[in-house]
Amino acid sequence: MVASNGAELTEHEAELYDRQIRLWGLDSQKRLRAARILISGLNGLGAEIAKNVILAGVKSVTLLDDRKVTEEDFCSQFLAPQSSVGNNRAEASLARAQNLNPMVELKADTESLESKEDAYFKDFDVVCLIGASTAQHLRVDNICRESNVKFFATDVWGMHGYCFADLQKHEFAEDVAKYLAVSKPHEKPKFETVYNTVKCTLEYPSYQSMVDFNCCDASYARQLKRNGPAFPVQRVLQKFRDDEQRDPASAKREEDLKKLYQLRDTLAPEIVPDTFFEHVFAQISPVTAIVGGVVAHEIIKVVSQKERPHHNVFLFNPETCCGFVELVGVGK
């Protein structure tokens, strides 16, 4: 057994996670091995997040999804085999997910997010919602804040992606570099980089701050010139889901584009060009890989309490194929 501050890893675990232990330390790996993660929504993005946190070596992952596997899922959902069309997405993803890391406890929950009572979410250390409505984001985030559970809301529509994090009061360790002079007098100056680990704290606002954020504000308009209108696009797409109780569908492309343009004209007039809504159908595999990788990395950082997490909204701009972080709400 390998011990750290009273905690233990088996020799097999120490060998399996050797690279990670060398990267972020034994204590951080111990925190990961104790973490219980809920991933709600097993589309392509959910599969990417699940893959990464399972490989990191958490204690358990619960896959929550009441939807069925469709042909459209195979654009990006690699955990569900093509023979599973018509079966529950969480159950269909379970076998391949377990093969990634047999040491992680996995469970498929086929009930709906809406049916879950408050107590359900309090059994987890991190809750990650994918494909949820604004009402469910607000409800679950409030539950998580009451129980000190870390909350993530994330999604991908075609080429557009985002992630919101509510970590409440989050403490973490960060390595700060200092450059010290090591040369002797009258010698050519030489410097050595020394890293000191410092404890830091960040305060995060609730999901309500995301809802209240005015993307038409003049100060934000200046940022649009630099980062592009990814935030207003997210706002329009989320509103479409809330109103239609579904996402834009390829089978209803023309009809859905008209609805998106109408919402754009109401929520973000003269900000988002029509071309931004041409590629919001299904989930594009490269984008789910990027956004899913970012979200999973944030979950790992939060659980391990190692490194500074994003604060507090990540957005992916399809025009530049780049991601960027915005500060939204009172937690700036």
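These figures come from a predicted structure and were not determined experimentally.

### Focus on the overall build of the chain
In terms of regular secondary structure, the chain is built from twelve helices and twelve strands. Here the C-alpha radius of gyration of the chain, 21 Å, is about what a compact globule of 332 residues would show, namely 20 Å. The principal-axis extent of the C-alpha atoms belonging to the chain is close to 70 × 50 × 35 Å. Across the 332 residues of the chain, 50% fall into the buried class. Within the chain, counting contacts between residues at least 6 apart in sequence, those at least 24 apart form 62% of the total. Positive and negative side-chain charges of the chain, numbering 40 and 48 respectively, have mean locations separated by a distance of 5 Å.

### Details of helix α10 (residues 230-244)
With 15 residues, α10 should cover 21 Å at 1.5 Å per step; its first-to-last C-alpha distance of 21 Å lies within 8% of that length. Taken across its 15 residues, α10 has eleven buried, putting it largely inside the fold. Along α10, the residues that are buried comprise A230, F231, P232, V233, Q234, R235, V236, L237, Q238, F240 and R241. Q245, located one to two residues past α10, shows a positive phi value of around 60°.

### Quick notes on the sheet that holds strand β5 (residues 105-109)
Either a parallel or an antiparallel arrangement is found when strands of a sheet pair, and the pairing is made through backbone hydrogen bonds. A sheet is described by the order of its strands in space; here eight strands give the open sequence β5-β4-β3-β6-β7-β8-β11-β12, paired in mixed fashion. Of all the strands in the sheet, the pair left with one neighbour each is β5 and β12 (322-326). Taking each pair of neighbouring strands and ignoring which way they run, the sheet shows an average axis angle of 15°. Where strand β8 (residues 160-166) and strand β11 (residues 313-317) come together, four bridges link them in antiparallel fashion. Bridging across to β11, Y162 finds its partner in L315.

### Some details on the nonpolar core
Ranked by size, the top nonpolar core spans 44 residues in total, and within it I37, I39, I49, V61, F152, V291 and I299 carry the most contacts. Looking at which element gives the most residues to this core, the answer is helix α12 (residues 285-304), with nine residues. Once you skip the residues sitting within four places of it in the chain, V291 turns out to touch L45, T154, D155, V156, G161, Y162, F314 and F316.

### Focus: the packing of helix α3 (residues 26-33) against α12
Packing of α3 against α12 brings their axes to within 8 Å, and their N-to-C directions diverge by 110°. In terms of orientation, α3 and α12 fall into the roughly perpendicular class. For the pair α3 and α12, contact is made by S28, R31 and L32 and by I300, V303 and S304, respectively. Here the contact of α3 with α12 is built from residues that sort into three nonpolar, two polar and one charged.

### Quick notes on unusual backbone geometry
Most peptide bonds are trans, and most residues other than glycine sit at a negative phi. The amide bond that connects H311 to the next residue, N312, takes the cis arrangement and shows omega of 5°. Mapped onto the elements of the fold, N312 is located in the loop between α12 and β11. Phi at N148 takes a positive value of approximately 60°, unusual for a residue other than glycine. Considering the arrangement of structural elements, one finds N148 in the loop between α7 (134-147) and β7 (150-157). Residue N148 is classed as exposed on the basis of its relative accessible area, which comes to 53%. Positive phi, normally seen in glycine, also occurs at Q305, with a value near 60°. Following the sequence through the fold, Q305 ends up in the loop between α12 and β11.

### Quick notes on the side chain of Q29
By secondary structure assignment, the location of Q29 is in helix α3. Here A56 takes part through its backbone oxygen, which lies 3.2 Å from a polar atom of the side chain of Q29.

### Some words on the domain arrangement of the chain
Quoted interface sizes are often the accessible area lost when the parts come together. Domain assignment breaks the chain into domain 1 (11-167 + 284-326), domain 2 (170-201) and domain 3 (221-277). Using only C-alpha atoms to locate each centre, domain 1 and domain 2 end up separated by 35 Å. Counting residues at the interface gives eight residues for domain 1 and seven residues for domain 2. Of the roughly 640 Å² buried where domain 1 meets domain 2, counting both sides, 50% is carbon and sulfur surface. Together, Q305, K306 and R308 form the three largest contributors to the area buried by domain 1 at its contact with domain 2, with a combined 59%.

### Quick notes on the pattern of salt bridges
One pass over the structure, following the stated rule, counts 21 salt bridges. Two residues, K59 and E105, come together in a salt bridge whose shortest N-O distance is 3.5 Å. One end of the pair, K59, is in the loop between α4 (44-56) and β4 (60-64); the other, E105, is in strand β5, with 46 residues separating them in the sequence. What makes K59 partly exposed here is its relative accessible area of 33%. By sharing partners, the salt bridges in this structure join D65, D73 and R89 into a single network.

Calculation criteria
- Residues numbered from 1 in each chain as written.
- Predicted model: local features only at pLDDT ≥ 70, side-chain atom pairs only at ≥ 80, totals over all residues.
- Heavy atoms only, no water.
- Helix = DSSP H or I, 4+ residues; strand = E, 2+ residues; numbered from the N terminus.
- Rg over C-alpha atoms; globule rule 2.2 N^0.38 Å.
- Buried < 20%, exposed > 50% of the residue type's maximum accessible area, 1.4 Å probe, protein only.
- Contact = heavy atoms within 4.5 Å.
- Lys, Arg positive; Asp, Glu negative; His and termini not counted.
- Charge placed at Lys NZ, Arg CZ, Asp CG, Glu CD.
- Expected span 1.5 Å × (residues − 1).
- Pairing = 2+ DSSP bridges.
- Axes fitted to C-alpha atoms, helices over the stretch in contact; angles between N-to-C directions.
- Core = buried A, V, L, I, M, F, W, Y, C linked by side-chain atoms within 4.5 Å.
- Parallel < 35°, antiparallel > 145°, perpendicular 65-115°, else oblique.
- Nonpolar A, V, L, I, M, F, W, Y, C, P; charged D, E, K, R; others polar.
- Polar contact = N/O pair within 3.5 Å; in protein donor to acceptor, adjacent residues only side chain to side chain.
- Domains from an automatic or database assignment.
- Buried area = accessible area lost by both parts, 1.4 Å probe.
- Salt bridge = Lys/Arg side-chain N within 4 Å of Asp/Glu carboxyl O.

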